[in-house]
Amino acid sequence: MVISLCFALLSLPLCAAPQEPKHHLMRAIDIPLLHMAGVLSMQGYMSYLSLPDEEVAQKSPWTWDRSWTGQYSRTAAEWSDHLLYGGLAFPLLWWGEWATGRIERQEFLADAVILAEVLVLNSALNNLVRGVELWARPLYFSHEAPEKERLSDQARSSFYSGHASSSFALATAVVIFNSSRERPLVPTLPLAVGVYGTATAISALRVAAGKHYPTDVVAGAAVGSLIGWAIPKLHE
């Protein structure tokens, strides 16, 4: 909760000088960006699917992560998925703003496309990094995890957390878009607490689930936050 509050407070300067509309679609940026994201995503996905089992099993995480080796919780994994997919409902606030005349249709569509770019690029970069030989997920070494899950392709590459990066990328972009409104449907501070709180909970659940080590989710949160800030910034 402390972490999410810190993110929320850091987002307040974004509200200082609202502009209307603040973000615009730019073909010179959007088309190459989406094309690059698609290529990187496919390349990264194919890379980590081809990781040799023996090599990954011999890799070790950082010293401060090792106590989580063998961790597994199916319940935590399911809840992390539910919260992530549920978090995709936050952008529905823009539909409410459009429906109530707070923003124009053009701004609504621009923000939706930019958010899609954030999520696609974030996923592409995550797949690319996970294609590098680092370490397996904690559950890979668990005696409780089902063999099918433990020996799956995704279990062989843990760094960094896609759930953490996606949730923080979404949270950052939503806060930035909301702070640009002259009449936001929801005040930015409570919205920021909500979205960053959800992202923090998702990250913690990924560790509890044995899907990732703490280093994986911290790195994911940092990368996701950077992408969630940078892509909207390019469209100002």
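The structure displayed is predicted, hence computed values, not measured ones.

A. Representation of the overall build of the chain within the structure. Assigned secondary structure in the chain consists of 10 helices and zero strands. The 236 residues of the chain split such that 44% are buried. Total accessible area on the chain stands at roughly 11600 Å², and carbon and sulfur atoms take up 65% of it.

B. Just the side chain of S157, in detail. Position of S157 among the secondary structure elements: in the loop between α7 (147–150) and α8 (162–179). Note on S157: relative accessible area 2%, which makes it buried.

C. Layout of the packing of helix α6 (residues 105–130) against α8. Viewed as axis vectors pointing N to C, α6 and α8 meet at an angle of 155°, and their least axial separation amounts to 10 Å. When the interaxial angle is binned, α6 and α8 end up roughly antiparallel. In terms of crossing hand, the pair formed by α6 and α8 is right-handed. Contacts between α6 and α8 involve D111, I114, L115, V118, L119, N122 and N126 from the former and G162, S165, S166, A169, L170, A173 and F177 from the latter. Among the residues making up the contact of α6 with α8, the classes are represented as eight nonpolar, five polar and one charged.

D. The arrangement of α8 in detail. Look at α8: 26 Å from first C-alpha to last across 18 residues, which is about the 26 Å you get at 1.5 Å a residue. Counting buried residues in α8 gives 18 out of 18 residues, a clear majority hidden from the surface. Here α8 starts with a cap whose side-chain oxygen sits 3.4 Å from the backbone nitrogen of H163, and that cap is S161.

E. Here's a closer look at the side chain of T172. Within the element layout of this structure, T172 appears in helix α8. Polar side-chain contacts of T172 include one of 2.8 Å to the backbone oxygen of F168. When neighbours within four sequence positions are excluded, T172 is seen to be in contact with Y196, S225, G228 and W229.

F. Region of interest: a nonpolar patch on the surface. Nonpolar side chains collect at one region of the surface, where L92, W95 and W98 lie side by side and expose about 360 Å² of accessible area between them. Within the secondary structure layout, L92 lies in helix α5 (residues 92–99).

G. Local environment of the packing of aromatic side chains. Scanning the model with the defined rule gives six aromatic pairs in all. Ring centres of W62 and W64 lie 5.5 Å apart, and the angle between their planes is 10°; on these two criteria the pair is classed as stacked. Take W64: its relative accessible area is 60%, and that puts it in the exposed class. Here the aromatic rings of F168 and Y196 are separated by 6.1 Å at their centres, their planes lie at 40°, and the arrangement is tilted.

H. Here's a closer look at the environment of A136. Mapped onto the elements, A136 comes out in the loop between α6 and α7. Exposure remark for A136: the relative accessible area of 1% places this residue in the buried category. Between the C-alpha atoms of A136 and K211, which are 75 residues apart in sequence, the distance is 9.2 Å.

I. Quick look at the nonpolar core. Grouped together as the largest cluster of nonpolar side chains are 27 residues, with contacts concentrated most on V195, Y196 and I231. Those elements giving two or more residues to this core turn out to be α2 (27–49), α5, α6, α8, α9 (188–208) and α10 (214–234). Considering each element in turn, this core owes the most residues, eight residues, to α8. If you look at the next biggest cluster of nonpolar residues, it comprises six residues, including A136, L139, Y140 and A145.

J. Molecular detail of the packing of α8 against α9. Across the interface, α8 lies against α9 with an axial gap of 9 Å and an inter-helix angle of 175°. Taken together, α8 and α9 sit at an angle that is classed as roughly antiparallel. The residues of α9 that touch α8, namely those facing H163, A164, S167, F168, A171, T172, V174, V175, N178 and S179, are T188, L191, A192, V195, Y196, A199, T200, I202, S203 and R206. Taken together, the residues that form the contact of α8 with α9 break down as 11 nonpolar, eight polar and one charged.

The rules we used
- Residues numbered from 1 in each chain as written.
- Predicted model: local features only at pLDDT ≥ 70, side-chain atom pairs only at ≥ 80, totals over all residues.
- Heavy atoms only, no water.
- Helix = DSSP H or I, 4+ residues; strand = E, 2+ residues; numbered from the N terminus.
- Buried < 20%, exposed > 50% of the residue type's maximum accessible area, 1.4 Å probe, protein only.
- Areas by Shrake-Rupley, 256 points an atom, 1.4 Å probe, with all protein chains shown as cover.
- Axes fitted to C-alpha atoms, helices over the stretch in contact; angles between N-to-C directions.
- Parallel < 35°, antiparallel > 145°, perpendicular 65-115°, else oblique.
- Left-handed = near helix turned anticlockwise from the far one by under 90°.
- Contact = heavy atoms within 4.5 Å.
- Nonpolar A, V, L, I, M, F, W, Y, C, P; charged D, E, K, R; others polar.
- Expected span 1.5 Å × (residues − 1).
- Polar contact = N/O pair within 3.5 Å; in protein donor to acceptor, adjacent residues only side chain to side chain.
- Patch = residues over 30% accessible without salt bridge, like charges linked within 9 Å, V, L, I, M, F, W, Y side chains within 5 Å.
- Salt bridge = Lys/Arg side-chain N within 4 Å of Asp/Glu carboxyl O.
- Phe/Tyr/Trp six-rings, centres within 6.5 Å; stacked < 30°, edge-to-face > 60°.
- Core = buried A, V, L, I, M, F, W, Y, C linked by side-chain atoms within 4.5 Å.

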